[in-house]
Structures are given as C-alpha cells and as structure tokens.
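# Examining the three-dimensional arrangement
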Amino acid sequence: MRTMKTVLLAAALAGAWGSALAQEQYVPLLSYRVGPYAAGGTGFYGGVIDYFNLVNMNGGINGVKLTWEECETEYNASRGVECYERLKTRNGGASLVEPLSTGIAYGILDRVGNDKIPMTTLGYGRSDAANGKVFPYVFPLITSYWNQAAAMVKYLGEKSGGMEKLKGKKIVHLYHDSAYGKEPLPVLEEQAKQYGFELIKIPIAPPGNDQQSQWLQIRQANPDHVILWGFGVMNAVAIKTAQRNGFPREKILGVWWAGSEEDTVPAGDAAKGYTTMTFNTPGNYPVLDEIRNKVYAGGKGNLEDKTRIGSVYHMRGVTAAILSVEAIRNAQAKYGKGKTMTGEQVRWGLENLNVDAARQKELGAVNMFPPVKTSCEDHEGSGAVKVQQWDGKKWVAVSKDWVVGDKALTRKLLEESSAKYAAEKNIKPACMGAGT
C-alpha cells in the first residue's frame, strides 16, 4: 500500500512539475557585460531583464512565466555563435534570440532559420532582412541602418536649407571598422550620387581608443558634416578628439549607438550640443515608473546603479522586451492562450505585430518608440527615427515627430540585396504559412 502511495505521489509530483515547465517561456540572452562595450550591454540587457521581471510579477503572459539564461559574448562574433549553440536547446528550446551585435547576428543568420528560432535585431544588423520572404526568421524591428542613414541625410539636407543644398558639400562617414560600420554604405553612396555631395569614408579600428590620425584627416578635408557611426568607448573618444582638433560638435551627427549617456557623460563639456539619431523618445514613461516601483522596490532590479533606469540603453532594452513579449502574446492569441509557444509560433507572432498608439498606452509606453506594424514583406515594421541633442545633462528630442527618410530608395536596395542573397543561398522567396 505504501509503495502504491509513493508511486502515486511521484506521478502527481512529476505531473505538477511537467505542468510547471509547460507554463514557462525560455529566452536565451547573448549578453555582454565586460569589455569595451559593457556599458551598452549592461544597460540594454538590464532593461530586457527588468521588463521580463515586471511581466512575471504581473502574472506572466496569460500565466506563462518568462525564464532566461545569460551567456557572456564580450561582443565577440565567434563567442556569440558559441553562446547561441550552447543555449538554444536549453529549457525546452529557445523561443527567440536578440544578440545586440551585427557581427553575432551575421554569424547566426543562417542558423536561426535552420533551428526555427526567430532573431530580432532591434535597430541594427542586416538591413535587407526586413524582407520576410527571404529572411523569415530575422526581424530588424523598428528601423534598420539603411533607414537610419536615409533619415540622417534627410535631416542634414533640411538643416542645410533643403536637399538641393547638399550639392557640393562634404560628408565624412567616420565608422567602426566592422560589418556594423559598413552597413549604411549602400544608402550613403546612393544618396551621395543622388544629391551630389562628396562622401569621405574614414574607418576606425575597434575599440577606437586613439583617433588622432582620423581627426587630422577630417581637419584637412574640412567637411560640412561628420556622421559618427561608432560604438562603445569610440564615441566619447571621438567627441573629445574633435574638440581638441577644433572641429565643431554641431557638425557631428551620431548614429543611435553613439547616442547614450555612456557616450556623452565621459566626454564632459565637449559633448554639449552634440546630436544623434534615436528610435526612442527621451523622457520618462509609466512603464519605467512601474519598473522602479515594483521591480526595484521588490529587489529584482537588474541594474546596480538605479540612476540608469530610463537611460537610453535601458530604455532600448525595455523596448526590445516589450516587442518580444507582445510577439509571444500575439502567438498565444492564435495558438493557445496560456500555453508555451514554440520558436515557429513566436516567429508568426513577430510577423504579425501591431503595437499601435492605443496598445502603447495600455503598456505605459506611448511615444516611447514609434508604432510597429509588421508583415511578411516588412519585418521592420516602422523605419521611423528621431533626432536628439545632449544639453549637458540629458538627452532632449530635437524632432517633435518621427522622421522617415527615403523609403523608396531603401526598399529598392532591400529588394535587390535580398534577391541576391536568395540566389546565392538557393532560396525561393515566399511568405511562410501560419505553422502549427
């Protein structure tokens, strides 16, 4: 009798354990918290984890709790691939992945499709992956480097008094010498031909601690504008070296990865008046207050320095987490409310996002990022950006409304590039079905 009770109890416990596992959604985090890019990684993944904790504290996604595991990539492409391979099959299998690195994203680009694990590349990565017919498992959500580059040229044209005023001007592309830094070149080269400005390309070897020779080149070229396409320590060094060489910060326009507090605070007074692109509107939002009042007050906050809550990198991480959670919620609405979603099902959820202003309001994030509506043809979902300026203490939005560059051009380039990739890989472009 006792043996029978033991068997029944073990079976009941096994059933309860199996049911508990079924109520969890696993997301591997290919994070980086050490090295020259640690400031970006800690802020971004801190934001992701803070929002995941908030969702769990509020009952999960229709009762399904989020789980995650971190693997330190050090922003190194080969380590990132190793981390992906190590984590992808854990805890029942990964539902999605967000590596926050163009190099790592390129490294696992083909793998995610084979593994049926969707990859988001929020504001970075391969721009032509917005074509879901060719890249069904890749989602460069919100906006890509190509649309950012087009918006930068539009902003510089308007600042000059009209796009026609760019003719004869010199624009330097000062860039991180990597796949990331080279990504916008197709758009910049095309627009240089279109508007008649001279594009001068000057690479900086990562991490970019010494830039004296590059800024001497810039001083000799005497450009009208410098596009700073940097990351990590490179950005503050660029701002300070520009000042030492007498180059006005007002002529520098940074990429959004050169537009965080970690880029400007170390540069001190040299950064005041410096402008960059952004896909988040600086400021405070109800969702950030909820993270402060619930997650941090409950001892579950991920950042050691609470003043970083709502900083640029932290807000980007929260934004990435919001879109990931909305994709899982979206998938549940189709495949089973309160159930754990597979990677294939989350892929469908990402491809059918509609985070409009009304939904943003419900989430406490109105205007924190542009409305995002994806489809098979458009895995980006927006393409809109803003311009922000550092006033010496904080970022302030320069553009009131979201800015969109020449999307006809970027779509043309996207179609051409993705068609070439499809031909090389023997892919027959098509929309994927809903799956099971």
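Because the structure is predicted, anything quoted here is derived from the model rather than measured. (Residues numbered from 1 in each chain as written. Predicted model: local features only at pLDDT ≥ 70, side-chain atom pairs only at ≥ 80, totals over all residues. Heavy atoms only, no water.)

### Focus: the packing of helix α7 (residues 185-195) against helix α15 (residues 407-425)
The N-to-C vectors of α7 and α15 enclose an angle of 130 degrees; their axes lie 11 Å apart at closest approach. As the angle between them shows, α7 and α15 are arranged oblique. Like other packed secondary-structure pairs, α7 and α15 cross with a definite hand, here right-handed. Between α7 and α15, the residues in contact are Pro186, Val187, Glu190, Gln191 and Gln194 and Leu409, Thr410 and Leu413, respectively. Here the contact of α7 with α15 is built from residues that sort into 4 nonpolar, 3 polar and 1 charged. (Axes fitted to C-alpha atoms, helices over the stretch in contact; angles between N-to-C directions. Helix = DSSP H or I, 4+ residues; strand = E, 2+ residues; numbered from the N terminus. Parallel < 35°, antiparallel > 145°, perpendicular 65-115°, else oblique. Left-handed = near helix turned anticlockwise from the far one by under 90°. Contact = heavy atoms within 4.5 Å. Nonpolar A, V, L, I, M, F, W, Y, C, P; charged D, E, K, R; others polar.)

### Quick notes on the side chain of glutamate 326
Along the polypeptide, glutamate 326 turns up in helix α12 (residues 312-335). Glutamate 326 gets classed as buried once you look at its relative accessible area, which sits at 8%. Here arginine 329 takes part through its side chain, which lies 3.2 Å from a polar atom of the side chain of glutamate 326. What glutamate 326 contacts, discounting residues up to four positions off in sequence, is Leu353, Val355, Arg359 and Leu363. (Buried < 20%, exposed > 50% of the residue type's maximum accessible area, 1.4 Å probe, protein only. Polar contact = N/O pair within 3.5 Å; in protein donor to acceptor, adjacent residues only side chain to side chain.)

### Comments concerning the sheet that holds strand β5 (residues 170-176)
The strand order across the open sheet formed by 7 strands is β6-β5-β7-β8-β9-β12-β13, and the pairing between neighbours is mixed. The open sheet has two free edges, formed respectively by β6 (198-204) and β13 (395-397), since each of these has just one partner strand. Across the sheet, the axes of successive neighbouring strands diverge by a mean angle of 25 degrees, strand direction being ignored. Pairing analysis gives 2 bridges linking strand β8 (residues 252-254) to strand β9 (residues 275-278), with the strands arranged parallel. Paired with glycine 254 across the two strands is threonine 276, which belongs to β9. With respect to the sheet, α7 is in contact with β5, β6 and β7 (225-229), its orientation differing from that of β6 by roughly 155 degrees. Packing of helix α9 (residues 233-244) onto the sheet brings it into contact with β5, β6, β7 and β8, and relative to β7 it is tilted by some 155 degrees. (Pairing = 2+ DSSP bridges.)

### Section: the nonpolar core
Of all hydrophobic cores here, the largest spans 135 residues; its most connected members are Tyr51, Leu174, Trp215, Trp257, Met368 and Phe369. Those residues in contact with methionine 368 that sit more than four places away from it in its chain are Phe279, Asn280, Thr281, Tyr285, Val287, Met315, Val318, Thr319, Ile322 and Trp402. (Core = buried A, V, L, I, M, F, W, Y, C linked by side-chain atoms within 4.5 Å.)

Function-wise, these values are silent; they only describe arrangement.
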